[in-house]
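Each chain is listed here by its residues.
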Amino acid sequence: MKSDPKAFILANTDLMRPPHVPEVSLHLASEAHDLWLKTEDELQEIGLPPPFWAFAWAGGQGLARYVLDHPEVVAGKRVLDFATGSGLVAIAAMKAGAANVLGADIDPWVETAVLLNAGANDVRLDFTRENLIGVAVEADVVLAGDVFYDRVFAAALLPWFRKLSAEGKRVIVGDPGRAYCPKESLVALATYEVPVTRALEDSEIKRTTVWQFA
């Protein structure tokens, strides 16, 4: 890691409220396209992976909205927010009364982003960089926003999510119509029209569904 994550995040983001989840404040890229291009061009120079943590993706916004609107899903429970990114869903779960929330992400920059965002919202989150796919987890509820964008990644997630669901855990995902979402394994809980940045998506509004593994 060649750059200081905290300094980079604070210099390249603003504290903003995602349009579909205004209860939460996040350090987000104000010029999404510029930061994304900067990351691609200067990856080797500054040691920064693609900054998924810098954007409030539609799947995460929809899932966070659902959790805040249905606090009984997480209230008093142990929650895992898988591929936490900015920590949006994890923060929403804590605001909704979760007993504790573990954010998990293998990106080495995410921990710093999540801790900054948790502090901005006066909540406490635990964090792990461990790759949890296939691993037994101590959680009652597993949340995942926008994780079905890649065929190989989705194929790895599916048996693990099914296993967790079979063990009695609630596995709930937010998805804005990504190509590899396994709808045949899911039950729809809610659908939202989520505003997003056109710089990173194919439209300014993404129809986002919150699903639970059956």
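Residues numbered from 1 in each chain as written. Predicted model: local features only at pLDDT ≥ 70, side-chain atom pairs only at ≥ 80, totals over all residues. Heavy atoms only, no water.

The subject of this paragraph is the side chain of S185. Position of S185 relative to the elements: it lies in the loop between β7 (170-175) and β8 (186-195). For S185, a relative accessible area of 11% corresponds to the buried category. Here R162 takes part through its side chain, which lies 2.6 Å from a polar atom of the side chain of S185. When sequence neighbours within four positions are dropped, the list of residues in contact with S185 reads L158, R162, Q212, F213 and A214. (Helix = DSSP H or I, 4+ residues; strand = E, 2+ residues; numbered from the N terminus. Buried < 20%, exposed > 50% of the residue type's maximum accessible area, 1.4 Å probe, protein only. Polar contact = N/O pair within 3.5 Å; in protein donor to acceptor, adjacent residues only side chain to side chain. Contact = heavy atoms within 4.5 Å.)

Our focus in this paragraph is the nonpolar core. Of all hydrophobic cores here, the largest spans 50 residues; its most connected members are W53, V74, V79, A93, V101, L125 and L143. The biggest single contributor to this core is helix α4 (residues 88-95), with seven residues. The contact partners of V74, leaving out residues within four places of it in the chain, are V67, V79, A93, A96, G97, A98, A99, V141 and L143. L80, L158, V173 and W211 belong to the second-largest nonpolar core, a separate cluster that totals 22 residues. (Core = buried A, V, L, I, M, F, W, Y, C linked by side-chain atoms within 4.5 Å.)

What follows concerns the environment of A104. Counting through the fold element by element, A104 comes out in strand β4 (residues 100-104). Distance from A104 to A54, taken between C-alpha atoms, is 16 Å for residues 50 residues apart in sequence. Once residues within four sequence positions are removed from consideration, A104 is found in contact with L80, D81, F82, A83, T84, T128 and L132.

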